[in-house]
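What follows is the residue order along each chain.
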4 protein chains.
Amino acid sequence: MARYGILTSGGDCPGLNAVIRGTVLQGTTVHGQEFVGFRDGYRGLVYGDIRPLNRLAVRGISRNGGTILGTSRFGPYSEPDGGPENIKKVLERLEIDGVIAIGGDGTMAAANRLYEDGIPMVGVPKTIDNDLEATDFTFGFSTAVEIATDAADRLRTTGDSHQRCMVLEVMGRHAGWIAIYAGVASGAHVTLIPEAPETLDQICRWVTEAAERGRGPLVMVAEGFTLPEMDDAYSDKGLDEFDRPRLGGIGEILAPLIQERTGIQTRATTLGYIQRGGVPTAFDRVLGTRFGQAISDVLADGDWGQMVALRGTQIERVPFTDAVGHTKSVPLDFYRGARALFG
Amino acid sequence: MARYGILTSGGDCPGLNAVIRGTVLQGTTVHGQEFVGFRDGYRGLVYGDIRPLNRLAVRGISRNGGTILGTSRFGPYSEPDGGPENIKKVLERLEIDGVIAIGGDGTMAAANRLYEDGIPMVGVPKTIDNDLEATDFTFGFSTAVEIATDAADRLRTTGDSHQRCMVLEVMGRHAGWIAIYAGVASGAHVTLIPEAPETLDQICRWVTEAAERGRGPLVMVAEGFTLPEMDDAYSDKGLDEFDRPRLGGIGEILAPLIQERTGIQTRATTLGYIQRGGVPTAFDRVLGTRFGQAISDVLADGDWGQMVALRGTQIERVPFTDAVGHTKSVPLDFYRGARALFG
Amino acid sequence: MARYGILTSGGDCPGLNAVIRGTVLQGTTVHGQEFVGFRDGYRGLVYGDIRPLNRLAVRGISRNGGTILGTSRFGPYSEPDGGPENIKKVLERLEIDGVIAIGGDGTMAAANRLYEDGIPMVGVPKTIDNDLEATDFTFGFSTAVEIATDAADRLRTTGDSHQRCMVLEVMGRHAGWIAIYAGVASGAHVTLIPEAPETLDQICRWVTEAAERGRGPLVMVAEGFTLPEMDDAYSDKGLDEFDRPRLGGIGEILAPLIQERTGIQTRATTLGYIQRGGVPTAFDRVLGTRFGQAISDVLADGDWGQMVALRGTQIERVPFTDAVGHTKSVPLDFYRGARALFG
Amino acid sequence: MARYGILTSGGDCPGLNAVIRGTVLQGTTVHGQEFVGFRDGYRGLVYGDIRPLNRLAVRGISRNGGTILGTSRFGPYSEPDGGPENIKKVLERLEIDGVIAIGGDGTMAAANRLYEDGIPMVGVPKTIDNDLEATDFTFGFSTAVEIATDAADRLRTTGDSHQRCMVLEVMGRHAGWIAIYAGVASGAHVTLIPEAPETLDQICRWVTEAAERGRGPLVMVAEGFTLPEMDDAYSDKGLDEFDRPRLGGIGEILAPLIQERTGIQTRATTLGYIQRGGVPTAFDRVLGTRFGQAISDVLADGDWGQMVALRGTQIERVPFTDAVGHTKSVPLDFYRGARALFG
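The text that follows walks through the structure, step by step, so that each part is easy to find. Position numbers for residues count from 1 along each chain, tracking the sequence in the order it is written. Lettering for chains starts from A, numbering for ligands starts from 1, and both go in the order in which the items are written. Given that this is a predicted model, residues contribute local features only at a pLDDT of at least 70 and side-chain atom pairs are listed and counted only at 80 or more, while totals for whole chains, interfaces and linings are drawn from all residues. Hydrogens and water molecules were not included; the side-chain quantities draw on all heavy atoms of the structure.

Looking only at helices and strands, chain A has 12 helices and 11 strands in total. Throughout, radius of gyration means the C-alpha value; the globule benchmark is 2.2 Å times the number of residues raised to the power 0.38. Relative to its length of 343 residues, chain A is compact, with a C-alpha radius of gyration of 22 Å against a globular reference of 20 Å. Burial here depends on accessible area, computed with a 1.4 Å probe over protein chains only, as a share of the maximum for the residue type. Under 20% is buried, over 50% is exposed, and the range in between is partly exposed. The 343 residues of chain A split such that 64% are buried. Charged-residue counts in this description rest on Lys and Arg as positive and Asp and Glu as negative, His and the chain ends being excluded. Taken as the charge location is NZ of Lys, CZ of Arg, CG of Asp or CD of Glu. Taking the average place of the 34 positive charges on the side chains of chain A and the average place of its 44 negative ones, the gap between the two points comes to 6 Å. For helices the rule is a DSSP run of H or I covering at least 4 residues; for strands it is a run of E covering at least 2, with both sets numbered from the N terminus onward.

Have a look at this one:
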């Protein structure tokens, strides 16, 4: 009976446990496969730290956030005990015929390198930011958007009652998917994403327009957004590079600037880790489960070097090489559509 | 300035207000369009019962369930005051240049007939059952799935504590999309949909297997599922056709049959109207908003007889004729995938 | 080291696991007590079916619905293997120094009888209906009210959109606490509880008044409410006692009666088991935890025959005899207050 | 017909709209009272800025967060146009017979001073922190606790997956009620409140113990908690008083200190304004409604200078003077109970 190892690597994400459960149930029921879990991502692979993964171990887990296998940012090439030769020995010793890596861009890049170095690897893409070109959606994104939208709904009632501007900073370092979805869903008066520069003047114009219509303006901002005038604005205040990091994220930088220019009391909230955890949405559980089932099929076919992906409503296979390093930005026309709703 | 009327028709659905708001904001901001709302679906169109729909009227509505315009199952051809000639006069009198019909299959069929009879009509598809071939997803479906999944999560804890079988009946008359999504998401031990016949024997086998593993079995069933042996089973009990409707939906029919055959205490819950109402998910608000914005663009292009649809991540246009009467069933391979998780 | 057994008996309820965890953590940390769990209520006590209950076993369980010990409606006196003499032998054999019974009125009555027959028993009251005179609130009630209110919020949007009357049946066989709380919270136009008779005429007057103000009327009804005219209304239809049970709960009985009299389309929803399960509210977790910690203190004092109860914000002790058989009805002035909001 | 004005003052809070609705419905239905709303707290009273408040104006508002009247921190004595003589003239001119002030300690103190200066004032207490001695609970607190607990549940899954310590800062400047409730509910390994000093050593011991049992430690901290060693710890780093405020709240101060001492990766999240807004829990809506109805009864009795309060399950009346300036701290034995669960 073929035996495979599963690892989850990088930041945790709602839906990881659904992937693990989907893989194990499909594998044991349909293909007669057997599974073990590597603990804490690539660390478990490098040191052969495994735990059993049978039907019982995965029962009921898909509605839990996090990952039952643990995760880490450990890289398989970065330690003396790592590297393909050592890992091959680990797999032989543990009688493991192949490895499923569940993770983000870095995890997939490492999986691809291991695959090219002769390790039988397959992958399941994971990014809460939804910024992977190869797939229409990643699991975890739906949950993050619902949490961010719920937070925005809450902030609006306070903003409206106090006639205050509320700034909500959400995740999205390189791509603004969470911000743009949550911004449209919550009717934000401004949504700022890394892909689309907007000046402080323009932002303040939107804020003022919303306030003039009697609302507490809501500004949704992705953590990766930067303000062109940021440098000038701060040098005016006599703050230098050294002070910048202490000022916190973009939400906390924006709030006083908006308040100063518009005269409207402005408060920032940073959602942070709350977006990553907890009960996944049904959508994320379904996508995770389907990814898990599909990767078990990939194993059954011995289709090494492949990753699963969602295209429309179908799960497809994509080579690692097509997937690694291709960030999916928010397209300009999507942003323009959202922008028509601002102010 | 061009002036358009909007109507919502058929059963209500989370996301309708997002469509209305998206249309009005895009139309007024981008295309300089003006809008009125017809009250209570086609009834408002036939009797010229309108209300103003400006920016103020749609502010903050996308997070509310239902429809601010009211809805009904009134057909535009079914009353003496209806029909294209009367409706043309109404539109002329009210100086309305075109009509957006938001509704399901019946609404779109009527819209198409009106369009063929010379009324400038466009459409936005709506079905909480997600069973429209022309679009990957419809708004409202995501909310319904989350509600059904949450209910299933709750029932499982009771089922497990009492070692009882819990049957949950969800919407889906012709297609089992809500059931299959909520079933996979909640880890149901059996999911039954109209598209896939299963015998009572097979159902009871899954239930028994789950119980033997120490769980309270969870059976998710779409309202449109029917049991091949249902007739026999009931004729054995001396019940005839007359009694059948009084026995309630399929959930209430199944529960005693499962209990009798397996000896496991079984309880049915029918989710009903709770699935249709309340705060929409962010996903449904975004989809509704995008549909609304896109239909305003369709109006601007004078592209009559078209409906908007989601394909992958893109909003596209589809002629009414391509959309009407094409039910999107759950594909057999999707069902087979879910079925591998049963028991 | 003193060793105690815990059992959960009767219908499950959000907060049971918090009680178990609170007891075990307090007992092991503060009093040096040891615990085992009896499986499936009194059945586990009678047959000595136990499982270990240490710190590890209760970790993270307070946010899960149901009970990790299982539950049943088994009575300790009802089987040949039951009765105080047999149970004493079981406790001796298993070296158990006392028993914590967590359950409703029937469970407490049995616990009291066992206590009077010489078994060292203490109790934690549980009733999702909140109808126990001895305590201001019971755990599970808060969760049930939030679920019922959320369902009512959802139904209202549908009722308003369709100008339909929506009837929501919630739990409450002898007392209408869930109905009255959820009714006030959701702004129901009528709330019907077992304690307060209202005629169909009066109900329909409220429904009609609400409809005339343009709302979809919402009727909240506790399962134990009965209609004085029910018999007459049904005998007019030629239905007899035999037919009654097939007609379903009071919600399904009321809906057609309201529709017939008012001419307003009316739909019933029965919330059922969904109210009992799933993630408990923070309030229920806190109350459950405090009850658990307090009962461990009762054990430490050897204060047998006592039950814990909430009075204001304090946890107090009450003898079984004060608690058993005293139903806490909704006071008339509380109902009158709610009634002033009807229509 | 007697006519009264309502104002909401200070920070907004879930349940304010329920109070307004409860007052208006009870007053118009039971006592034949009439109402207007003052806009933005005492500002509206001082400048006679009112809006009508009839049955229609309050329909459906109890499930909305914030306040439909707007709020501010404006004091009635602090501006030249304020003071009792001016306010008396405003009330005469607008034919208003008395004022309901809904607000916190400051609002009640001002209401009392106005009452002593001859203005007919009554009050409804509001503090999301639940720290008012005169009442068992205040509305808004329940919602805040549920939001904080949900956030903690989410953080735990991330903490467990990454073996990280997660610090969650919640509201509570002078009293730790939100922290202690949410901490007990979420099973926090440490809960820190202003009332109970704990050393960094002790905190790190609990964190380490939790980590040794394989958990991601969760630290719940009220914003008002301060660390005895904070000064020393920071002076070691060469930071002075000037730097302190820039370091953010106590959560952000604690996280690096814990990480440094324990060697466990630690991350802080500050929940902030999210706790104040959005859909109120059913409990808060019921309490708000009951407070509103009761204050209308107080008006009917002409019982000036009184405030409503919850004692056990009853609504009672309390003179302003008994209520103002009496903070309700978390009692030591409540904290000790929670502390037994730490680590």
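Glancing now at the relation of the copies chain B and chain A. The fit set for superposing copies consists of C-alpha atoms from residues with pLDDT of at least 70 in both; the fit itself is least squares. If you rotate chain B by 180 degrees and push it 0.0 Å along the axis, it lands on chain A with an RMSD of 0.0 Å. The relationship between the two copies is best expressed as a two-fold rotation axis. In terms of proximity to the rotation axis, the leading residue of chain B is glycine 312 of chain B, whose C-alpha is 1.9 Å off the axis. Of all interface residues in chain B, 100% are interface residues in chain A too; the two copies therefore contact each other through one and the same surface. By definition, residues are in contact when any of their heavy atoms lie within 4.5 Å.

To continue, consider the relation of the copies chain C and chain B. Expressed as a screw transformation, the operator carrying chain C onto chain B has a rotation angle of 180 degrees and an axial translation of 0.0 Å, and the superposed copies differ by an RMSD of 0.0 Å. An overlap of 100% is found between the interface residues of chain C and their copies at the interface of chain B, pointing to a shared contact surface.

With that out of the way, let us pick up the interface of chain B and chain A. One widely used convention gives an interface's size as the accessible area the parts lose upon coming together. Contact residues are listed per partner, giving 41 residues for chain B and 41 residues for chain A. Buried area adds together the accessible area that both of two parts lose upon being put together, with accessible area traced by a 1.4 Å probe. Buried area between chain B and chain A, both sides added, is near 3,500 Å², and the carbon and sulfur share of it is 54%. The working definition used for a salt bridge is a side-chain nitrogen of Lys or Arg within 4 Å of a carboxyl oxygen of Asp or Glu. Counting across the chain B and chain A interface gives four salt bridges. Residue arginine 63 of chain B pairs with aspartate 153 of chain A through a salt bridge whose shortest N-O separation is 3.9 Å. Whenever a nitrogen or oxygen atom comes within 3.5 Å of another N or O atom, the pair is scored as a polar contact, on the condition that within protein one atom can donate a hydrogen and the other can accept it, and that pairs from neighbouring residues in sequence are kept only if both atoms are in side chains. Along the contact surface separating chain B from chain A lie 14 residue pairs in polar contact (both at pLDDT 80 or more). Mapped onto the side of chain B that touches chain A, the elements with two or more residues apiece are α1 (16-31), α5 (141-162), α6 (177-186), α10 (282-300) and α12 (332-339) of chain B. The biggest single contributor to the side of chain B that touches chain A is α10 of chain B, with seven residues. Throughout, the ten residues Ala, Val, Leu, Ile, Met, Phe, Trp, Tyr, Cys and Pro are labelled nonpolar, Asp, Glu, Lys and Arg are labelled charged, and all others, Gly among them, are labelled polar. When its residues are assigned to classes, the side of chain B that touches chain A shows 14 nonpolar, 15 polar and 12 charged.

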